Amino acid sequence: MTDINPGTLAHTQVAPSAASALIGDPSQFGRVGEDGTVFVRTSEGEKPVGSYPGKSAEEALAYFVRKFEALASEVALTAARITSGAMVPQDAHESVKKLRQQVRELNGVGDLDSLALSVEQIEPLIEGNREAYEAKKAAESAVKAARREQILVEKEKIVAEAESLALSENWKVTGDRLKTLLDEWKAAPRLDKKADGDFWKRFSASRNKFDKRRRAHFAQLEATSAVVSAAKMEIITEAEKLATSTDWVATARRFKTLMDSWKTAGRGKPSDEAKLWARFKAAQDQFFTAKSADLEKREVSMTANLAKREELIVQIEALVPVTDAKAAKNSFRDLMRTWEKIGITHRDKRAAFDARVAKVEEVIKEAEAEIWRKTDPAAKARAAEVVKQLSESIENYRKVAAKSQAAGNEKKAKEALESAEARTVWLAEAEKHLAEFN
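In this text, all values refer to a predicted model and were calculated from it rather than measured experimentally. Chains are numbered independently. Their residues run from 1 in the order of the written sequence. In keeping with the model being predicted, local features are shown solely for residues with a pLDDT of at least 70 and side-chain atom pairs are shown and tallied solely at 80 or more, while totals for entire chains, interfaces and linings include all residues. Side-chain calculation: all heavy atoms of the structure are included, whereas hydrogens and water are not.

Caption draft 1: Spatial organisation of the overall build of the protein. Working definition: helices are DSSP H or I runs of at least four residues, strands are E runs of at least two. Numbering for both runs from the N terminus. Counting its secondary structure elements, the protein contains 14 helices and three strands. Based on the C-alpha atoms only, the size of the protein along its principal axes is roughly 210 × 60 × 30 Å. To sort residues, take the accessible area from a 1.4 Å probe on protein chains only and compare it with the maximum for the residue type: under 20% means buried, over 50% means exposed, and anything in between is partly exposed. For the protein, with 438 residues in total, the buried portion stands at 32%. By definition in these notes, contact holds between two residues if any of their heavy atoms fall within 4.5 Å. Partitioning the contacts of the protein with sequence separation of at least 6, the portion at a separation of at least 24 is 69%. Roughly 27300 Å² of accessible area belongs to the protein as shown, and the carbon and sulfur atoms make up 55% of that amount. Throughout, the Shrake-Rupley method with a 1.4 Å probe supplies accessible areas, and for residues the shown protein chains are the sole cover considered.

Shown next as structure tokens:
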């Protein structure tokens with residue numbers, strides 16, 4: 001294989017690179033021998049750098065140029081990083097040492113002398129740009145400190161709110177809010193291990209405190225709900241038994257008592273409460289619907305009964321005045337049998353009717369009492385005995401008056417006559433009373 005003009009190759013095969021701006025066209029420093037060996041020219045002469053079997057001379061030369069350019073680019077990048085202050089001085093010194101070694105051992109095509117010189121020019125830049133590095137480091141530290149301060153504020157805000165919610169009893173809203181705060185915590189940037197650990201302890205403690213109180217609350221509710229449900233089941237059982245009762249007044253009163261018991265029993269689980277109430281209400285509705293239907297039916301009957309009672313009360317009151325007590329009593333008894341068979345009447349009307357009936361009954365009883373008083377043998381005998389005693393007493397006083405006058409005792413005679421006259425008045429009344437028995 002013949003030598004290739006490096007200049008011609010550079011213009012036709014190898015594209016300019018970033019490294020060419022630093023050290024010129026590297027392909028001008030190489031050639032390919034007839035056996036395919038690639039050489040690089042240095043100030044000390046040519047030296048072989050390798051071969052690229054199976055490839056053309058142009059491709060082989062380009063391959064070793066790329067190796068040179070890769071290292072040249074790294075040298076340029078290192079210098080740029082030092083100049084910008086992005087590289088730690090100690091690290092920069094280590095990089096220079098490494099680059100020196102790489103340049104010495106490089107099997108590439110390019111201006112190796114210039115590349116080595118470029119490496120040596122980097123080291124003075126390290127101290128010259130140390131101030132820039134320190135300034136950049138200080139700026140980065142300030143930004144980092146400011147960012148840390150911002151993160152501290154954000155996490156303190158999250159933790160403080162969590163702590164303020166630890167004693168909340170608004171279980172649903174607070175639980176949702178704590179979940180949101182946990183998401184915010186996870187999304188927040190991390191701090192150092194100790195700071196994050198301290199914040200997390202506070203945040204976790206607040207969440208645990210709230211969760212513990214919430215669990216205790218709902219456990220208590222569960223226990224209370226069980227008691228409430230048991231109490232209401234007893235009420236429902238009784239209500240369902242009463243649903244078919246026709247003892248309207250007593251049962252309605254009992255349903256009112258059951259409703260009061262229901263209200264004082266408290267509230268259980270919303271889901272259970274709805275089912276229990278549906279059963280209790282169904283039993284109530286069944287009873288009161290039947291009661292209303294019966295009341296409507298009785299309303300019709302009571303209206304008819306009212307008309308019958310109004311007609312019959314006229315016949316009962318017609319027994320007064322009583323002329324024949326026995327006949328009046330028998331008629332009253334017959335009318336009352338009919339009266340009792342009539343059935344229920346409106347309560348407000350019934351009281352007035354009962355008063356009118358009672359008045360007639362009282363008159364008949366008085367008539368019977370009067371008859372009994374006038375026909376009682378014992379009473380008649382007592383009345384006759386009174387008349388007899390008064391008559392004998394009057395006769396005795398008159399005899400005493402006559403004897404006293406004969407004896408000239410006018411005073412005693414007068415007193416005896418006065419006593420006789422007084423008993424004469426009493427005797428007239430006694431005889432009148434005795435005459436009533438005849």
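Next comes the rest of the account.
Caption draft 2: Seen up close, the pairing of strand E3 (residues 45–51). Strands are treated as partners if at least two bridges between them are detected by DSSP. When strand E2 (residues 37–42) meets E3, the two strands line up antiparallel, connected through six bridges. Considered in E3, the bridge of Val40 is made with Lys47.

Caption draft 3: Up close: unusual backbone geometry. Cis peptide bonds are those with omega within 30 degrees of zero, and the linkage from Val320 to Pro321 qualifies with 0°. Along the polypeptide, Pro321 turns up in the loop between helix H10 (270–317) and helix H11 (325–341).

Caption draft 4: Summary view of the packing of aromatic side chains. Aromatic pairs are defined between Phe, Tyr and Trp rings, using the six-membered ring for Trp, whenever the two ring centres lie within 6.5 Å; interplanar angles under 30 degrees are classed as stacked, those over 60 as edge-to-face, and all others as tilted. The final tally for this structure, using the stated rule, is 15 aromatic pairs. On the basis of an interplanar angle of 55° and a centroid distance of 5.8 Å, the ring pair of Trp277 and Phe280 is categorised as tilted. Here Phe280 and Trp277 lie together in helix H10, a separation of three residues that amounts to about one turn. Note on Phe287 and Phe288: the rings are 4.9 Å apart at their centroids and 80° apart in plane angle, and the pair reads as edge-to-face. The buried category is assigned to Phe287, whose relative accessible area is 0%. One aromatic cluster in this structure is built from Trp248, Phe255, Phe287 and Phe288. Positioned above the aromatic ring of Phe39, the side-chain terminus of Arg31 is 4.4 Å from the ring centre. Here, a charge over a ring is recorded when the distance from Lys NZ or Arg CZ to the ring centre is within 6 Å and its angle to the ring normal is within 35 degrees. Over the ring of Trp339 we find Arg309, and its NZ or CZ is 4.7 Å from the ring centre.

Caption draft 5: Region of the structure containing the pairing of E2. In this sheet, E2 lies alongside strand E1 (residues 30–32) in antiparallel orientation, the contact comprising three bridges. Within E2, the residue paired with Gly30 across the bridge is Val40. Counting the residues that bridge the hairpin from E1 to E2 gives four residues, and of these Gly36 lies at a positive phi of roughly 90°. The hairpin turn running from E2 into E3, its antiparallel successor, is two residues long.

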